[in-house]
Amino acid sequence: MKFGTAINRYIAAFLVTAVIGFPALAQGRFQPKPLTQTERRVCQDLDFCVDLLLRHGPDEFDYQVLAAEFQRMGPAGANKLLKYAAGKSETNTTRAQLILSQPGWRFTPQEQRKIAALWPSGDIGVQADMMRRIGSPMMRNSVVATLLHEDPKIRETSRDILTGMNLHTDFALPSTAFNTLVRALVSDPTPEIITLIGTFPDPQSGPILRRTLLSGDPNSVMAAYDSLYKSDPKNAFGALMSALEKLETPDQALAISAMLQARHQNRQDGFYMKFARDLAGDAAQPKLVRMVGLDALMSQSSKPIVALPDTEATQAAYAYTLQQPKIALDKYAYEFQAKTGRQSAPYLELIWKKLKPGDEARYVFTKVAGQIGGTQSAAILQEALTDQVDWRVTQAAILGLKDEMTGPQKSAIEKLAKSHPIRQVRVAANAAVDAGKSGEINLAKWEKSLAPKSQYCQVKPTDFASLADQMPYFEDGRIAARNGELKAVARKWLSTAVAVKDGWLAGYRNGETGGLLFYDYATEGHKRFLDGPITAIVPTRKVKLGTTPDAVWIVAETERSGRLYRLNLTHHSAPQLRLHAQLPGPPASIHLAPDNSVQIGFGPAPVNHPPLRLLPGGGIIDGCTKPAPLPSNGALPN
């Protein structure tokens, strides 16, 4: 049957159905019946399917439907597609790949062999998805062979395929793959390559895996130790001890620490944390070895929790470890007292000295100081009262001092109770002052008392999205999705933009995702500054015609709240982004006032926080008053 004749027959059938069915439709009695299996069929035979493939691209025909039709044809359908996929026509190759990549295929070993032989040809992205979905040892072997391909895109795609594939470590790789994997490991180590190297006999793989334990890359160290352990647990532990003796850098130490933490999660007896405890407390060990044990103990995130040993060597290692820039202090906060034992206060004091206003861990450790108590904690809480960036730190300090306030602390808290712009801080401060008289703290009482007294006014939103229309079109940048993967942004997500020297700052929001990007005229590339929905970008002061701002405010939304950032754009240095203030809720509306102040609303009263006003100098005050904008060194008063 010819293609044109068949299409005409289908059109004629449709018109007949429409004419016959119209009276029933007019009378409201039309009820379509499900199509039969025969009526769902598009292809009368295999040649008809091939004709559709040759005549219609994916934008003209539903390839999922066409794939189902080829699948219905059995092995003949798959073989016909594979013939076109291996042909010389790039168009037909790509179309055949697209059909073969649709769900529903069950490829035989012989068909898989043909697909593996196609790599890399046609649309390598489409073929990569197909090979990853099949995931057989044949696909794996074909991809390994191109890890050193002359085309960098093929090299990168080969690694990506392995990342999402079952590596089938029980099925041997060809002997020729070993040298390829080793050379790929040298150029760019990944856990998948290390795991595949580990499938070869120990005389070949052992020396490489043992050297990888000192790579300084946590994921590589985990994969190398896992391969060694699967081969011989006793020799694996011996290799670990040998690596500890050869430590030279903090990065090497932290990578082995991460490996101990990962192994600990799969051992109910706490073996790896007990081993870490021995390392941390052994004065005979070098400081880098003690650092391995100490960081593992302080970063452990699953029970049983093993505490630090009470030795001077451990405290010395602790002070040294905190000097390293890559320490994840937020992990140290998890069950801090259980991890540090009876000596919590000295360890907390060492951490506090490292923290700066705006650090997320500063809020966490302020709460910890309130739980520990004592002279050292009181000094920390006293300093936390003056935090001008994060109102949560101030609130936690107030609650931590409520039972043992000195005269100066009481005066400071009484001042906060009257003048702080964040209602949650005033609630905590009033309740703490009250507790000094009654002995009980009652936050609900003061929340109920202060909410009706709060000033609410309408914040007329500025349409930042329409102002962003002036931004030129750039090649799409990339933002981080919630799962951490980078994804291309769409122009329709653009929520705010400002022209700056040498380019544009652009804020995006799409539901719970978004980001702040800088598009550079000179390089035609982009730089990612922030992840998460961006509500507004506002110059810190009015910009004269023909000039660009030296600094801007960034109003961003977090998962449950909001943050205000300042981005300095001085022309003699690289842009510098810092947190200016933690907001009391997600920003609901933002108004740019004529005096260049920024009014931020958080939603209807009384549940949401009253509006705030950001002054040009950086100070934050009640949003419903309009005082003269005064300069400020910090956002929040103390």
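## Notes on the overall build of the protein
Check the secondary structure of the protein and you find 29 helices and 14 strands. Relative to the globule expectation of 26 Å for 638 residues, the C-alpha radius of gyration of the protein, 32 Å, shows a markedly less compact shape. Once the C-alpha set of the protein is aligned to its principal axes, its extents read approximately 95 × 75 × 55 Å. Each of the 638 residues in the protein was classed as buried or not, and the buried ones make up 46%. Taking all contacts inside the protein whose residues are at least 6 apart in sequence as the whole, residues at least 24 apart take part in 55%.

## Structural notes on the packing of aromatic side chains
Under the counting rule described, the total for this entry stands at 11 aromatic pairs. When the ring of Phe271 is compared with that of Tyr272, the centres are 5.0 Å apart and the planes differ by 85°; the resulting orientation is edge-to-face. Taking the relative accessible area as the measure of exposure, Tyr272 reaches 2% and is therefore buried. Taken together through their ring pairs, the aromatic side chains of Phe237, Phe271, Tyr272 and Phe275 make up a single cluster. Just above the ring of Tyr363 sits the side chain of Arg392; from NZ or CZ to the centre is 4.3 Å. Positioned above the aromatic ring of Trp553 is the side chain of Arg566, whose terminal nitrogen or guanidinium carbon lies 5.4 Å from the ring centre.

## A short note on the sheet that holds strand 12 (residues 598–601)
The strand order across the open sheet formed by four strands is 11-12-13-14, and the pairing between neighbours is antiparallel. Where the open sheet ends on each side, the last strands, each with one partner, are strand 11 (589–592) and strand 14 (620–622). Across this sheet, the average inter-strand angle for adjacent strands is 25°, counted without regard to direction. Here strand 12 pairs with strand 13 (residues 612–614) via three bridges, running antiparallel. Bridged to Ile600 within strand 13 is Leu612.

## Quick notes on the state of the cysteines
This structure, assessed with the given rule, holds two disulfides. Here Cys43 is linked by a disulfide to Cys49, with a sulfur-sulfur distance of 2.1 Å. Its S-S torsion of about 105° marks the bond between Cys43 and Cys49 as right-handed, since a negative value means left-handed. The pair formed by Cys43 and Cys49 is uniform in burial state, with each residue classed as buried. Note on cysteine connectivity: Cys457 is disulfide-linked to Cys624, with sulfurs 2.2 Å apart. Where Cys457 bonds to Cys624 through sulfur, the torsion about that S-S bond is close to -95°, and the disulfide is left-handed.

## With respect to the side chain of Thr394
With respect to the helices and strands, Thr394 occurs in helix 25 (residues 391–401). For Thr394, a relative accessible area of 1% puts it in the buried group. Looking at Thr394, its side chain comes within polar contact range of the main-chain oxygen of Asp387, at 3.5 Å. Ignoring any residue separated from it by four or fewer positions in sequence, one finds Thr394 in contact with Ala384, Leu385, Asp387, Leu416 and Val425.

## Structural notes on the packing of helix 13 (residues 202–212) against helix 14 (residues 218–231)
Two numbers describe how helix 13 lies on helix 14: the axes approach to 8 Å, and their chain directions differ by 140°. For the pair helix 13 and helix 14, the sense of crossing is left-handed. Contact residues: Leu209, Arg210 and Thr212 in helix 13; Ser220, Val221, Ala224, Ser227 and Leu228 in helix 14. Taken together, the residues of the contact of helix 13 with helix 14 break down into four nonpolar, three polar and one charged.

## Here we look at the environment of Ala172
Here Ala172 lies in the loop between helix 10 (152–163) and helix 11 (177–187). Judged by its relative accessible area of 67%, Ala172 falls in the exposed class. Sequence-wise, Ala172 and Asn141 are 31 residues apart; in three dimensions their C-alpha atoms are separated by 9.5 Å.

## Focus on the side chain of Thr540
Structurally, Thr540 is set in the loop between strand 7 (534–539) and strand 8 (551–557). By relative accessible area, Thr540 is classed as buried at 3%. When residues no more than four places from it in sequence are discounted, the contact partners of Thr540 are Ala551, Val552, Trp553, Arg566, Asn596 and Pro616.

## Quick word on the nonpolar core
Of all hydrophobic cores here, the largest spans 142 residues; its most connected members are Leu260, Tyr318, Tyr332 and Phe365. In contact with Tyr318, not counting residues within four places along its chain, are Leu294, Met298, Leu308, Tyr332, Phe336, Tyr347, Leu350 and Ile351. Counting residues in hydrophobic clusters, the runner-up holds 17 residues, among them Val498, Val500, Ile537 and Leu579.

## Some points on the pattern of salt bridges
On inspection of all chains with the given rule, the structure shows 20 salt bridges. Linking Arg132 and Asp129 is a salt bridge whose minimum nitrogen-to-oxygen distance equals 3.1 Å. Of this pair, Arg132 and Asp129 both sit in helix 8 (residues 124–134), three residues apart, which is roughly one turn of the helix. A salt bridge links Arg423 to Glu447; the shortest N-O distance between them is 3.5 Å.

Thresholds applied
Residues numbered from 1 in each chain as written. Predicted model: local features only at pLDDT ≥ 70, side-chain atom pairs only at ≥ 80, totals over all residues. Heavy atoms only, no water. Helix = DSSP H or I, 4+ residues; strand = E, 2+ residues; numbered from the N terminus. Rg over C-alpha atoms; globule rule 2.2 N^0.38 Å. Buried < 20%, exposed > 50% of the residue type's maximum accessible area, 1.4 Å probe, protein only. Contact = heavy atoms within 4.5 Å. Phe/Tyr/Trp six-rings, centres within 6.5 Å; stacked < 30°, edge-to-face > 60°. Lys NZ or Arg CZ within 6 Å of the ring centre and 35° of its normal. Pairing = 2+ DSSP bridges. Axes fitted to C-alpha atoms, helices over the stretch in contact; angles between N-to-C directions. Disulfide = S-S within 2.5 Å. Polar contact = N/O pair within 3.5 Å; in protein donor to acceptor, adjacent residues only side chain to side chain. Left-handed = near helix turned anticlockwise from the far one by under 90°. Nonpolar A, V, L, I, M, F, W, Y, C, P; charged D, E, K, R; others polar. Core = buried A, V, L, I, M, F, W, Y, C linked by side-chain atoms within 4.5 Å. Salt bridge = Lys/Arg side-chain N within 4 Å of Asp/Glu carboxyl O.

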